[in-house]
Amino acid sequence: MNGELDLIAEMLKHSPALIVAIPLLGAFLTPLIGKINDKIRNAFAVFIVALTSFFVFLLANDILSNGSIHTYVFGGGPALTEGGFAVRILFEVDGMNAFMAIIASILALAGVIYSWAFMKENTGLDKYYTLILLMIAGMFGMILTGDMFNFFVFLEIASISACALIAFRTNQGKAVDAGFKYIVISAIGALLILFAIALLYSQYNALNMAVLAREIQLTFLDKIALALLIAGLAMKAGIVPMHMWLPDAYGRAPASVTILLVGATQASLYGALRMTSTLYGKNIIAVLKHVDFDLFGQSVVFDITLNGVLGFIILLLAILTIFIGVLMALKETNFKRMIAFAAIAEIGYMILAIGSAFLAVASIDTVTSSAILSQPGYMALKGGIFHILNDALDIGLLFLVAGAIYYATKETSLNKLGGLARNMKYTTIFFLIGLFAVAGMPPLNGFASKILIYESTYQVNPILSIIAILCSILLLAVFVKVFHSAFLGPKQEKFDNVKEAPKSMLIAMGIIACLIIFIGLFPEYVLNNIVTPAADALVNFGNYIHEVDSNYVISLIGGF
Amino acid sequence: MIYQIPYIAVVALILIGLYAIIFRRNLIKMVIGITLIESGVNLFLITLAFQKDSTAPIYHGSETGLTMSLPVPHALTLTSIVIGVAVTALMLTLVIHIYKHYQTLDARKIGMEGDEE
């Protein structure tokens, strides 16, 4: 009995490293195993991802239920050397990381199972599975790492393999074009991030996120670094001025890759959240400029604070992102590109909530180092984080459905599709579930997070929530149009021989659809057990620092 | 003043790189732009490590009181160079494929064909 417990404890202790190491090793074993048999290779890839997911859930279960933070220092020993030098590379996993890792593992599992049948007709599948596993390793690395430079390295691993996967069908000129766009944007983004890391390193001699968060002073260089970090990560996340790569990349990549790309995009979004709220957490309410002037005989006095500026910029980008995403989705006729534009709009919803949360930071508790948010601000933060999960599932499901239709009909243009509901009834049901979830209809999961976002942004500014609701309705219109033109309508002769998607694709879609319904039916359960610990982890950034530097004084639980 | 020159070079490299990416339409020139930005960032990292009269950070055993340059940025630069090579190689492969499909490297003429496949 005791031995068993030890095994679990050991696995738990090493799981942060294993989550990255298993897919990384598996990636390079795949071509070898592919020499034996195609089926064994596919099963091996699924096994590797399932094993990784097992460790993710083991780790996440411990973190989310106990509220603990796991650090894994490579090479062993304490996080800081004697004398307090932060030279060791470490992974630091708190509620937010665990939350993101769960999303990534669901998407990875669905993507790999889906690939089994979906990619069967393609050649070069040994390389395909290697790249997929590499991308998964990169994604988990980005999510789990506690080191700035490590973050950059994993970001590059994820984006290089993602680019190769987007351009996987090199016989299509547009796929190659999309891959090139993606690599240009992500290379520039990554270099901006590296430049910011260098700026931070030059001042504080540290690359460790927790140590940087402890030291940061918000000097002029820090402000430049913050701007570079946000710009770089926004490029990778597809927020509006830098969104043009996203519809191409999402639309041209094979559907099984697109669902992983959704995960990589959200890992970048997580990066931006971690940088702003943990790294700069201590200075988030710092006064940038004191304004004092005379307006018609009345003196106007107010302070421009960092969180105000950040919140304002993020909200502006969010509204642009939602608007442009929805409007472009309305006029698009290519199925996958349309979903990609809807994905842009959904990202807009997340940052809308996050921007409102930043605006609502009232003060920093100096004893516990936690950000004191107003009640709507805290609700907005939870809504935004919850929406990351829901968006990943909804958009992921829609992309898988679009892939299934492409697989069955070899057709992507909506004008040429029609009457598919007759032959593909399961796919139709999955599409309906995805449709209502994305549009935020009760009782599916999109509603649960969107209602939180509407309610909280209404209290920040009513106009925001009006725009959000309006665009949600437009999204519904977009997808109802798709449903009508692709699934309903008269029977078309050329689709008479269309068959239902193969089993592995149905299983992958089924897993996600079940999760969507489960979250939709029990939003309270998910909110309390998964989302709230993640939001608390972001708010109580003192704990994150304390875990690495135990001299940093805080009490363990910040109060709300 | 002499110690400021590397920083000026860093800014110049990054700006020239950005100019090339934004305003040049030739894909190869865009790739060159990205490598220029990368060189700029690498130069910045190396410059951070350097101190006046410093030597390479290697102990021979007997020296005392030497000023050494910081080893960490060197390690970062090496990693970043390796990643940069991979990115550049991948980009050039894609450029070759694009050229095969479209017989041109002009970014305005690529991916413009109709949506029907």
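Because the structure is a prediction, the values reported are computed rather than measured. (Residues numbered from 1 in each chain as written. Chains lettered and ligands numbered in written order. Predicted model: local features only at pLDDT ≥ 70, side-chain atom pairs only at ≥ 80, totals over all residues.)

Student: Explain the overall build of chain B to me, and be specific about the residues and the numbers.
Tutor: A tally of helices and strands in chain B yields three helices and zero strands. Each helix and strand of chain B, placed in order from N terminus to C terminus, yields the pattern α-α-α. Here the C-alpha radius of gyration of chain B, 20 Å, is well above what a compact globule of 117 residues would show, namely 13 Å. Within chain B, residue pairs in contact and separated by at least 24 positions form 52% of the contacts whose partners lie at least 6 positions apart. (Helix = DSSP H or I, 4+ residues; strand = E, 2+ residues; numbered from the N terminus. Rg over C-alpha atoms; globule rule 2.2 N^0.38 Å. Contact = placed C-beta atoms within 7 Å.)

Student: Would you mind going over the overall build of chain A in detail, with residue names and values included?
Tutor: A tally of helices and strands in chain A yields 19 helices and six strands. Expressed along its principal axes, the backbone C-alpha trace of chain A runs to roughly 75 × 70 × 45 Å. Looking at chain A as a whole, 63% of its 560 residues are labelled buried. When contacts within chain A are restricted to residue pairs at least 6 apart in sequence, those whose partners lie at least 24 apart make up 78%. (Buried ≥ 20, exposed ≤ 12 C-beta atoms within 10 Å, placed from the backbone.)

Student: Describe the interface of chain A and chain B, listing the residues and the values that go with them.
Tutor: It is common to give the size of an interface as the accessible area that goes away when the parts come together. Each partner contributes to the interface: chain A provides 30 residues, whereas chain B provides 28 residues. Among the elements of the structure, helix H5 (148-166) and helix H6 (173-204) of chain A are those that each provide at least two residues to the side of chain A that touches chain B. Considering each element in turn, the side of chain A that touches chain B owes the most residues, 16 residues, to H6(A). Along the lines of polarity and charge, the residues of the side of chain A that touches chain B split into 18 nonpolar, nine polar and three charged. (Nonpolar A, V, L, I, M, F, W, Y, C, P; charged D, E, K, R; others polar.)

Student: A description of helix H18 (residues 523-539) of chain A should follow, citing residues and the corresponding values.
Tutor: Helical geometry: 3.6 residues make up each α-helical turn, so side chains three or four residues apart lie on a common side. Residue and element names in this part refer to chain A. Taking the largest bend as the criterion, H18 deviates by roughly 40°, centred on Val531, and proline Pro533 comes between one and four positions later. With twelve of its 17 residues buried, H18 lies for the most part within the structure. For H18, every residue scored as buried is listed here: Pro523, Val526, Ile530, Val531, Thr532, Pro533, Ala534, Ala535, Asp536, Ala537, Leu538 and Val539. (Bend = angle between axes of the 7 residues up to and from the residue.)

Student: Now, about the environment of Ala272(A): what can you tell me, with residues and values included?
Tutor: All names here are of chain A. Here Ala272 is to be found in helix H10 (residues 255-279). Ala272 gets classed as buried once you count the C-beta atoms within 10 Å, which come to 21. Put simply, Ala272 and Ala237 are 35 residues apart on the chain and 9.0 Å apart in space, counted from C-alpha to C-alpha. The contacts of Ala272, once residues within four sequence positions are left out, are Ile230, Leu233, Ala234 and Ala237.

Student: I'd like a rundown of the packing of helix H13 (residues 375-409) of chain A against helix H14 (residues 425-438) of chain A, residues and numbers included.
Tutor: Residue and element names in this part refer to chain A. Taken N-terminus to C-terminus, the directions of H13 and H14 make an angle of 150°; their axes are 9 Å apart at the nearest point. It follows from the interaxial angle that H13 and H14 lie roughly antiparallel. For the pair H13 and H14, the crossing hand works out as left-handed. Taken together, the residues of H14 that come into contact with H13 (itself represented by Asp394, Ile395, Leu397, Leu398, Val401, Ala404 and Ile405) are Thr427, Phe430, Phe431, Ile433, Gly434, Ala437 and Val438. Of the residues in the contact of H13 with H14, the class split is eleven nonpolar, two polar and one charged. (Axes fitted to C-alpha atoms, helices over the stretch in contact; angles between N-to-C directions. Parallel < 35°, antiparallel > 145°, perpendicular 65-115°, else oblique. Left-handed = near helix turned anticlockwise from the far one by under 90°.)

Student: With reference to specific residues and values, describe unusual backbone geometry.
Tutor: That bond from Pro442(A) to Pro443(A) is cis: its omega, 5°, falls within 30 degrees of zero. Positionally, Pro443(A) belongs in the loop between H14 and helix H15 (445-460). One non-glycine residue with positive phi stands out, namely Lys410(A), at about 55°. Tracing the chain through its elements places Lys410(A) in the loop between H13 and H14. Taking the C-beta count within 10 Å as the criterion, Lys410(A) has 9 such neighbours and is therefore assigned exposed. Of note, the phi angle at Gln103(B) is positive, near 55°, even though the residue is not glycine. Its location among the elements puts Gln103(B) in the segment after helix H3 (71-102).

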